[in-house]
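Breakdown of the fold
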Amino acid sequence: MTSSTLDKSADTVRSANGRDMSAAITRHCLSLAMELLDPDAAPSGSELAAVRSAAALWARQGVPIERIIQTVHEGFRGLPHAVTGGRLLQLLESINTAVASAYLDEQKLAGEHRASAHAVVSALLSGHGVTALTRQPGIRIAESYQVVALRIPSHPEEFGPRAEAQRAERRKLRRVRAALAEAFESPSLALLGAESGTVLIPDDLPDSAGMSDTVLADMNAAAGVDLTATLVASGTDRIPAAAEEAHELLDLVRSIGRPPGLYRLADLAIEYQLTRPSPARDQLTAVIAPLGDFPELLDTLRAYIACGLNRKAAGRRMHVHPNTIDYRLRRIATVTGLDLTTAEGILRARIALLADDLAHARPAA
């Protein structure tokens, strides 16, 4: 086994990620073991550094250390019988020590960062103590931020026994934090709970476009769940109000049944405005209020709108003949005054239904 071959193997480990890294680690450990065929050879610090780098990355992603050790040991399967005894045990001890120390060092650094980030985020979100923070060395406060509210659904692993579910939850959150740090090449300012969180992204990060659909997709892949994010841009002095607005938008996305993804106020402007109590909203809901006494007519209107004004599709959804849909649409026009044969009548019906849904929506859990 030549030095250049081992160097190439180590570079492969450093550049790999995810599932590819498991295979790269296995091949690298096998390469190290094969080097032991030379009685005078021993793994160098640079060769073990590749293993340490992989262990540190896995620690950030929340991979259990026992799984890492198991992956390392996979690299020793299928070795020639010449590699046995003390030399093999020596290599195993060296690799296990490198993995364990790198893993624990990364966890310690992560814990220290989370404590510091928690203090900064708490101060910014409360609007108090920011001036004191700026006087502390190593802490930078930007002039403006992207304030992101996150909804974090449960990972399938969290539906097991309670103890395992809690461990799976912690691993999921570590993966989300690691994805944030990688996306913005900076320690992320995030307060993350089991189901939701708040992230503050400085607007002046170099070479960073901030939160985007692409970044969110990468976070989904890392976390193993489909995240929902709402974004509000804000000056530092307005962060508390911006965070409240972002979480209101997040609740709105859930209440109207939007799919996971990234949303800004511009994406939800009509829905957001209709959640504000006002005489205009009352007028809109009053349009379809008479249908409250005729549940089958209200359900028909919803089905007709949801099916893109297709009477046959609405009939299939409601398990009635299309002629029944026509009859009910005429009755809706008589009861409400909505002319569903015109673009204006259809638009009024859509907005009235949305206003009514939002007015009676249950608060998000």
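Residues numbered from 1 in each chain as written. Predicted model: local features only at pLDDT ≥ 70, side-chain atom pairs only at ≥ 80, totals over all residues. Heavy atoms only, no water.

Per an unreviewed UniProt entry, the chain carries the name PucR-like helix-turn-helix protein and comes from Nocardia mexicana.

Moving on, we get to helix α12 (residues 295-306). With 12 residues, α12 should cover 16 Å at 1.5 Å per step; its first-to-last C-alpha distance of 16 Å lies within 8% of that length. Residues of α12 that are buried: Leu297, Leu298, Thr300, Leu301, Ala303, Tyr304 and Ile305. Where the residues of α12 are buried, they touch α11 (279-288), α13 (311-318), α14 (322-336) and α15 (343-359). In the segment just after α12, Gly308 is the residue with positive phi, at about 70 degrees. (Helix = DSSP H or I, 4+ residues; strand = E, 2+ residues; numbered from the N terminus. Expected span 1.5 Å × (residues − 1). Buried < 20%, exposed > 50% of the residue type's maximum accessible area, 1.4 Å probe, protein only. Contact = heavy atoms within 4.5 Å.)

To continue, consider the packing of α12 against α14. Each packed pair of helices is defined by two parameters, the angle between the axes and the distance between the axes. Taken N-terminus to C-terminus, the directions of α12 and α14 make an angle of 110 degrees; their axes are 10 Å apart at the nearest point. Classified by the angle between their axes, α12 and α14 sit roughly perpendicular to one another. Handedness of the α12/α14 crossing: left-handed. For the pair α12 and α14, the contacting residues are Glu296, Leu297, Thr300, Leu301 and Tyr304 in the first and Ile325, Arg328, Leu329, Arg331, Ile332 and Val335 in the second. In terms of residue class, the contact of α12 with α14 is built from seven nonpolar, one polar and three charged. (Axes fitted to C-alpha atoms, helices over the stretch in contact; angles between N-to-C directions. Parallel < 35°, antiparallel > 145°, perpendicular 65-115°, else oblique. Left-handed = near helix turned anticlockwise from the far one by under 90°. Nonpolar A, V, L, I, M, F, W, Y, C, P; charged D, E, K, R; others polar.)

With that out of the way, let us pick up the nonpolar core. As a rule of thumb, soluble globular proteins bury nonpolar side chains together. Of all hydrophobic cores here, the largest spans 24 residues; its most connected members are Leu124, Tyr145, Val147, Leu189, Leu200, Ile239 and Leu268. Of all the elements in the fold, those that place two or more residues in this core are α5 (85-126), β1 (144-151), α9 (239-255), α10 (269-274) and α15. Among the elements that take part in this core, α9 stands out by supplying eight residues, more than any other. With near-sequence residues (within four places) excluded, Val147 lies in contact with Thr198, Val199, Leu200, Thr230, Leu231, Val232, Ser234, Ile239, Ala242, Ala243 and Ala246. Counting 22 residues, the second largest nonpolar core, distinct from the first, contains Ile152, Leu173, Ala190 and Ala229. (Core = buried A, V, L, I, M, F, W, Y, C linked by side-chain atoms within 4.5 Å.)

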